[in-house]
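Fold and geometry: a report
Residues per chain are reported as follows:
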Amino acid sequence: MVKIFLILMFLVILFGAPKFGGSQRGVVLTIPNGLSQTKRYTESVDELVERYYRERDFEKALTYEEQAILEMKYGSMDTDTFCRLNAMLGGCYVSLGECEKGKPYIDTALKEYEESGETGKSVYIVRHIEGIYALKTGEYRTAIDSFEEALRQAEAVEAPDGGVELEVDIAGIFCDMGRAFLELEDMDSALEMLGKSYEI
């Protein structure tokens, strides 16, 4: 019994804590539980892309691109998840320096939000990634506008997890906005944004 417990703990450490709910599609981890039982933990493709995007392992996130496209096309995904997944796939390409490959994903996310009239909890993520694209392509004023909109949207989000992930995201938005001001040689604003980032 102790041996099984140690194996399970090792697998949790290696693969992360199990996720429950969400789409039944995804990667399945099967763990033996006794002589004839097995437990299945699934992590949907949007959760995988988001996890690796947040870990800044963009290449790994993009290994799920084909599966994500199929899931978006044929699966049953709510608008917020669809938009967040598109934006994060685009953000992976942008972060890897392939901005033009990432732009269609970002545009799709923004267009879908506009068409649905929805303002889901992930709008700020999409706006942040839009700003990162503008920052990487030298459109610094556009980047600042996107970051400001991302902050406005983030303030409207009620975070169920106590706000830790949201606070990290807000700190990242302030930091990126500081980088945009730095590129515009507005040192006072850049320092102010970086200061706000560190305060969080």
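Residues numbered from 1 in each chain as written. Predicted model: local features only at pLDDT ≥ 70, side-chain atom pairs only at ≥ 80, totals over all residues. Heavy atoms only, no water.

Considerations on the overall build of the protein
Just so we agree on the cut-off: Numbering of helices and strands starts at the N terminus; helices are DSSP runs of H or I of at least 4 residues and strands are runs of E of at least 2. In this scheme, a residue with accessible area under 20% of its type's maximum is buried, one over 50% is exposed, and one in between is partly exposed, where area comes from a 1.4 Å probe on protein chains only. In what follows, a contact means two residues having at least one pair of non-hydrogen atoms within 4.5 Å. For accessible areas, the Shrake-Rupley method is used with a probe of radius 1.4 Å. Any residue's cover is judged against the shown protein chains and nothing else.
When its secondary structure is counted, the protein shows ten helices and two strands. Along its sequence from the N terminus, the protein presents helices and strands in the succession α-β-β-α-α-α-α-α-α-α-α-α. Relative to its full complement of 200 residues, the protein shows a buried share of 42%. Contacts spanning at least 24 positions in sequence make up 50% of the contacts within the protein whose residues lie at least 6 apart. When the accessible surface of the protein is totalled, it reaches about 11700 Å², and 54% of it is carbon and sulfur.

Here's the deal with the nonpolar core
Put simply, the test is: Residues enter a nonpolar core if they are buried and are Ala, Val, Leu, Ile, Met, Phe, Trp, Tyr or Cys, with the set joined through side-chain atoms within 4.5 Å.
Residues Val 49, Leu 89 and Phe 147 are the most contacted members of the largest nonpolar core, which totals 52 residues. In contact with Phe 147, other than residues within four places in its own chain, are His 128, Gly 131, Ile 132, Leu 135, Ile 173, Asp 176, Met 177 and Ala 180.

Side note on the packing of aromatic side chains
Quick note on the threshold: Pairing of aromatic rings covers Phe, Tyr and the six-membered ring of Trp, with a centre-to-centre limit of 6.5 Å; geometry is then stacked below 30 degrees between planes, edge-to-face above 60, and tilted otherwise.
What the rule picks out here adds up to three aromatic pairs. Centre to centre, the rings of Tyr 52 and Tyr 64 are 6.1 Å apart; their planes meet at 5°, and the pair counts as stacked. With Tyr 52 in helix α2 (residues 45-54) and Tyr 64 in the loop between α3 (58-62) and α4 (65-74), this residue pair connects regions lying twelve residues apart in the sequence. According to the relative accessible area criterion, Tyr 52 is buried, its value standing at 12%.

Looking at the pattern of salt bridges
Pairing is possible between side chains that carry opposite charge, provided their charged atoms lie close to one another. Stated precisely, the cut-off is as follows: The salt bridge criterion pairs a side-chain nitrogen of Lys or Arg with a carboxyl oxygen of Asp or Glu, the two atoms within 4 Å.
Here the structure, examined in full by the defined rule, presents 14 salt bridges. The salt bridge involving Arg 84 is made with Asp 46; its shortest N-O contact spans 3.7 Å. One end of the pair, Arg 84, is in helix α5 (residues 79-95); the other, Asp 46, is in helix α2, and 38 residues separate them in sequence. Note on accessibility: Arg 84 and Asp 46 belong to one class, buried. A salt bridge links Lys 111 to Glu 115; its shortest N-O distance comes to 3.7 Å. In this pair, Lys 111 and Glu 115 both sit in helix α6 (residues 99-116), four residues apart, roughly one turn of the helix. Each of Asp 46, Glu 50, Arg 54, Asp 80, Arg 84, Glu 165 and Asp 169 takes part in salt bridges that share partners, so that together they form one network.

A closer look at helix α7 (residues 123-136)
Selection criterion: Multiply 1.5 Å by the residue count of a helix minus one, and that product is the helix's expected span.
Between its terminal C-alpha atoms α7 stretches 20 Å, which fits the 20 Å expected from 14 residues at 1.5 Å a residue. The inward-facing, buried residues of α7 abut α2, α5, α6, α8 (140-155) and α9 (164-183). Positioned one or two residues after α7, Gly 138 has a phi angle of 85°, which is positive.

Overview of the side chain of Asp 80
Definition in use: Polar contact is the term for a pair of N or O atoms within 3.5 Å; when the atoms are in protein, one must be able to donate a hydrogen and the other to accept it, and sequence-neighboring residues count only if both atoms are side-chain atoms.
Examined against the element boundaries, Asp 80 turns out to sit in helix α5. Judged by relative accessible area, which is 7%, Asp 80 ranks as buried. Polar side-chain contacts of Asp 80 include one of 2.4 Å to the side chain of Tyr 113.

Some words on the packing of α5 against α7
To keep things clear, this is the line we draw: Axis angles are defined between N-to-C directions and span 0 to 180 degrees, where every axis is a line fitted to C-alpha atoms and, for a helix, only to the segment in contact. For classification purposes, angles smaller than 35 degrees are called roughly parallel, those larger than 145 roughly antiparallel, those between 65 and 115 roughly perpendicular, and all remaining angles oblique. Left-handed is the label given to a crossing in which the near helix is rotated counterclockwise from the far helix by less than a right angle, and right-handed is the label when the rotation is clockwise. Three categories are distinguished: nonpolar for Ala, Val, Leu, Ile, Met, Phe, Trp, Tyr, Cys and Pro, charged for Asp, Glu, Lys and Arg, and polar for the others, with Gly belonging to the last.
The contact between α5 and α7 brings their axes to 9 Å, and the two run at 20°. With respect to α7, the axis of α5 lies roughly parallel. In terms of crossing hand, the pair formed by α5 and α7 is left-handed. Residue-level contacts link Asp 80, Cys 83, Arg 84, Ala 87, Met 88, Gly 91, Val 94 and Ser 95 of α5 to Val 123, Ile 125, Val 126, Ile 129, Ile 132, Tyr 133 and Lys 136 of α7. Grouping the amino acids of the contact of α5 with α7 by side-chain chemistry returns ten nonpolar, two polar and three charged.

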